[in-house]
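# Coordinate analysis (summary)
What follows is the residue order along each chain.
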Amino acid sequence: MSQLTRYILTETDIPKFWYNIAADSPVPPTPVLNPMTKEPVTPDFLSMIFPMEIILQEISAERYIEIPEEVREAYKLYRPTPLIRATRLEKLLGTPAHIYYKYEGASPSGSHKSNTAIAQAYYNKVAGTHAMTTETGAGQWGSALSMACKFFDIALEVYMVKVSYNQKPYRRYLMETFGAQVFASPSDRTAAGRGILAQDPESPGSLGIAISEAVEVAALSNGVKKYSLGSVLNHVLLHQTVIGEECLKQMDMAGEYPDMVIACVGGGSNFGGIALPFLRENLKSDRGTRLIAVEPKAAPSLTRGKYAFDYGDTAQMAPIVKMHTLGHDFIPSAIHAGGLRYHGMAPQLCALYDAGLIEAVAVGQVGTFEAAVTFAQTEGILPAPESSHAIRAAIDEALKCKQTGEKKVILFNLSGHGHFDLASYNRYLSGELEDYDFPEEAISTIEQRLPQVPSMA
Ligand SMILES: *Cc1c(COP(=O)(O)O)cnc(C)c1O
């Protein structure tokens, strides 16, 4: 078969099922604890903030969960997304490796986040929800959920990390265009926000703080408002598996199979989305595909964090889960421009990482932006800084192949475009970005900052 550049599926190839790794994972799920009682959470606790269908998906062990027709209809706006062979990048690197990337930036809001935003808004609609809350960092999740909520006629309040709210107003305008209300977090609208402001009126905010605010508003609304999280949780990873399922078909069209699958990790959802269907194949047939999660050295939860029970948010209102964590009070360095700033990581991925079924590497931000610019100059797409962590790792692997002469097949997820991140590109291009490693002192104190949980946990 002659080599194509773009592997394009048709609408009928949009997956009809999400893949649930819980059915095949050799590692048992770890308990989720109520932040107040430190006992396993009950559906009652979760139903204050989530609709029942989402809770059932969160704890489901069913291998395949059918994608509702209305969700598939909305997916048709941008799915299937293209798989592209990066031939120009291969040529520039002079590598014998074949590099493919899945382009999730093709979605209307510019990232993979729409895959779960549409699903979560749909299940809320079906449950009769008229208003939702969420947090957002740089604004990709907020924009995806704003669009999805508008589609299903749900009002949305977004708590946006203050430093991004001030420095990246364009994502806020996009959210407002989709009809959402956006507040800078910490805000004075919640007890969590007021508590942080009392300690530090200049707090730049963090995802952990913004999650606390959004959860608090939903929890105190008497069931009127539901909360939605854009990463980390099992149901979010589940919804993202459309990425990997499409890739399996597209790699088949290309007549190749990846030796490695690479994606960046913030909370782990785009990595889970592309990698978990390939993990299923590994478990089934000894394919031996390496699954590589790439994180920033500035927020290295998998490679340097503690694997322990920690709160999902800063104000200790979200459930306690077992994950690789930098501590729930983590505030990312202002020097770091590349996103992926969450203090923890998806518990499902942490368990798989602990069991040696997936790998992780951390990369510095200067090398990450260098890779981003190389990619833009060869492939023409301006990548999101987050996605560029995956590009860095893919280029590094391709350069190793150049040394060894191996013709490996590399697949990475280009989780989004960077059209709203040009200020960060400008900082890189004008030489202002420096590498920043999360300091050892901060690692050594994580343990003291973790919650005490009963020993069964
Ligand atoms: C949010 C985001 C990420 C990180 O989140 P994950 O849940 O780890 O995927 C990565 N890339 C882009 C473009 C994003 O918007």
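Residues numbered from 1 in each chain as written. Predicted model: local features only at pLDDT ≥ 70, side-chain atom pairs only at ≥ 80, totals over all residues. Heavy atoms only, no water.

### A word on the site of the ligand
- Neighbouring residues of the ligand: 18 residues in total, closest Lys-113, Ser-231, Gly-266, Ser-269 and Ser-415.
- Interatomic distance of 2.5 Å between a side-chain N/O atom of Ser-231 and an oxygen atom of the ligand.
- Ser-415 places a polar side-chain atom, nitrogen or oxygen, 2.7 Å from a nitrogen atom of the ligand.
- For the ligand, whose free accessible area comes to 380 Å², the fraction covered by protein is 94%.
- Only helix H13 (269-285) and helix H17 (385-404) provide two or more residues apiece to the shell around the ligand.
- Considering only residue class, the shell around the ligand consists of four nonpolar, 12 polar and two charged.
- For the shell around the ligand, the two domains that each supply at least three residues are domain 1 (6-13 + 70-110 + 241-449) and domain 2 (17-36 + 45-67 + 113-234). (Near = heavy atom within 4 Å. Polar contact = N/O pair within 3.5 Å; in protein donor to acceptor, adjacent residues only side chain to side chain. Areas by Shrake-Rupley, 256 points an atom, 1.4 Å probe, with all protein chains shown as cover. Helix = DSSP H or I, 4+ residues; strand = E, 2+ residues; numbered from the N terminus. Nonpolar A, V, L, I, M, F, W, Y, C, P; charged D, E, K, R; others polar. Domains from an automatic or database assignment.)

### Quick word on the environment of Ser-143
- Mapped onto the fold, Ser-143 is located in helix H6 (residues 140-151).
- Along the chain, Ser-143 and Tyr-173 lie 30 residues apart, while their C-alpha atoms are 9.3 Å from each other.
- Setting aside its immediate chain neighbours within four residues, Ser-143 contacts Ser-109, Arg-171, Leu-174, Met-175 and Phe-178.
- Within the structure, the side chain of Ser-143 is placed 2.4 Å from the backbone oxygen of Gly-139, a separation counted as a polar contact. (Contact = heavy atoms within 4.5 Å.)

### Re the domain arrangement of the protein chain
- Domain annotation for the protein chain reports domain 1 (6-13 + 70-110 + 241-449) and domain 2 (17-36 + 45-67 + 113-234).
- Distance from the C-alpha centre of domain 1 to the C-alpha centre of domain 2: 21 Å.
- Both sides of the domain 1 and domain 2 interface together cover about 4400 Å² of buried area, and 66% of this is carbon and sulfur.
- Summed over the shared surface of domain 1 and domain 2, the number is one salt bridge.
- The closest approach of N and O atoms between Lys-168 and Asp-421, which form a salt bridge, is 3.9 Å.
- Going through the elements one at a time, helix H3 (69-75), helix H12 (242-254), H13, strand S12 (306-311), strand S13 (320-325) and helix H15 (347-354) are the ones with two or more residues in the side of domain 1 that touches domain 2.
- In terms of residue count, the dominant contributor to the side of domain 1 that touches domain 2 is H13 (six residues). (Buried area = accessible area lost by both parts, 1.4 Å probe. Salt bridge = Lys/Arg side-chain N within 4 Å of Asp/Glu carboxyl O.)

### A word on the packing of aromatic side chains
- Taken as a whole and judged by the stated rule, the model has 17 aromatic pairs.
- Their ring planes at 55 degrees and their centres at 6.5 Å tell us that Trp-18 and Tyr-123 sit as a pair that is tilted. You can see Trp-18 sitting in strand S2 (residues 17-19) and its partner Tyr-123 sitting in helix H5 (residues 114-126), a full 105 residues away along the chain.
- Trp-18 gets classed as buried once you look at its relative accessible area, which sits at 0%. (Phe/Tyr/Trp six-rings, centres within 6.5 Å; stacked < 30°, edge-to-face > 60°. Buried < 20%, exposed > 50% of the residue type's maximum accessible area, 1.4 Å probe, protein only.)

### Focus on the sheet that holds strand S1 (residues 6-7)
- An order of S1-S4-S5-S15-S10-S11-S14 is seen for the seven strands of this open sheet, with the pairing classed as mixed. Only two strands of the sheet have a single partner each, and these edge strands are S1 and strand S14 (359-363).
- Pairing analysis gives three bridges linking strand S10 (residues 260-264) to strand S15 (residues 409-414), with the strands arranged parallel. In the strand pairing of S15, Ile-262 is matched with Phe-412.
- Most of the contacts of H12 go to strand S5 (residues 98-103), to which it runs at about 140 degrees, and overall it touches S1, strand S4 (83-85), S5 and S15. (Pairing = 2+ DSSP bridges. Axes fitted to C-alpha atoms, helices over the stretch in contact; angles between N-to-C directions.)

### Side note on H17
- Between the first and last C-alpha of H17 there are 29 Å, a value that for 20 residues agrees with the 28 Å anticipated at 1.5 Å per step.
- Within H17, 14 of the 20 residues are buried, which leaves it mostly tucked inside the rest of the structure.
- Of the residues trailing H17, Gly-405 is marked for its positive phi of about 80 degrees. (Expected span 1.5 Å × (residues − 1).)

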